[in-house]
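A look at the structure
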Amino acid sequence: MKYIYLLLVSLIVVSSCKEEDIVLEPDPNQPSFTCTIDGNNFSDHTPTIDVNGSDMMSIDLSDETYTLSLRIYNFSTRSAGEVIPFSVPAMGIVNFGQSTYASIFSGPPYDGQIVFTTLDSEKISGTFFFKAQDTDPSMFTNILVTDGVFENIPY
């Protein structure tokens, strides 16, 4: 009889224990691309990257709300730690709904920059920010892309 009580008590204890949620930490070696677009979080872990024949790197990203494109000219001449100002129109482009926003050339001080913290033959990492204006000439709406961080992006 005492074994039955022991078994019942064991079942009650086991069934009353709360199951712990298992939280998996993100793999630090996996690609990640995050930023804040006009106050909203943006994240993409599968960016599309291409370096064309004119030595321009294109980074294209999207989530459920935004698409984001970055253009880095003269990519093969870039080095880690170099500040690359958004000194050419449309180095950064954001699509949101029916609107397209593009960075503009404003002259120094520039309204954006990208810095590669890691730039090797296989992966890039870095930071960026920029201001973009609605491409509709009748609109003067600006959005800000801030806190941009990308890590372990293969190209």
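Note that this is a predicted model, so its numbers are computed, not measured.

**Focus: the overall build of the protein chain**
Helix and strand counts for the protein chain stand at one helix and eleven strands. The N-to-C order of helical and strand elements in the protein chain reads α-β-β-β-β-β-β-β-β-β-β-β. In the protein chain, buried positions account for 32% of the 155 residues. For the protein chain, the proportion of contacts with a sequence separation of at least 24, taken over those separated by at least 6, is 52%. Carbon and sulfur atoms make up 56% of the accessible area of the protein chain, which amounts to about 9,900 Å² in all.

**Things to note about the pairing of strand β10 (residues 123-134)**
Two strands pair when backbone bridges link them, and strand β8 (residues 99-103) and β10 are joined in this way by three bridges, in the antiparallel orientation. Paired with Tyr 101 across the bridge in β10 is Asp 134. Relative to β10, strand β9 (residues 112-119) runs antiparallel, the two sharing seven bridges. By the bridge assignment for β10, Thr 118 is matched with Ser 125. The antiparallel hairpin formed by β9 and β10 contains three residues in its connecting segment. As paired strands, β10 and strand β11 (residues 142-154) are joined by nine bridges and run antiparallel to one another. What sits directly across from Ile 124, in β11, is Ile 153.

**So, the environment of Gly 92**
Mapped onto the secondary structure, Gly 92 falls in strand β7 (residues 92-96). Here Gly 92 falls in the buried class, since its relative accessible area comes to 0%. C-alpha of Gly 92 to C-alpha of Arg 71: the two residues are 21 residues apart in sequence and 6.5 Å apart in space. Once residues lying within four places of it in the same chain are set aside, the contact partners of Gly 92 are Ser 69, Leu 70, Phe 86, Tyr 101, Ala 102, Ser 103 and Phe 130.

**Considerations on the packing of aromatic side chains**
Tallied over the full model, the rule gives nine aromatic pairs. Taken together through their ring pairs, the aromatic side chains of Phe 33, Phe 75, Phe 116, Phe 128, Phe 150 and Tyr 155 make up a single cluster.

Calculation criteria
Residues numbered from 1 in each chain as written. Predicted model: local features only at pLDDT ≥ 70, side-chain atom pairs only at ≥ 80, totals over all residues. Heavy atoms only, no water. Helix = DSSP H or I, 4+ residues; strand = E, 2+ residues; numbered from the N terminus. Buried < 20%, exposed > 50% of the residue type's maximum accessible area, 1.4 Å probe, protein only. Contact = heavy atoms within 4.5 Å. Areas by Shrake-Rupley, 256 points an atom, 1.4 Å probe, with all protein chains shown as cover. Pairing = 2+ DSSP bridges. Phe/Tyr/Trp six-rings, centres within 6.5 Å; stacked < 30°, edge-to-face > 60°.

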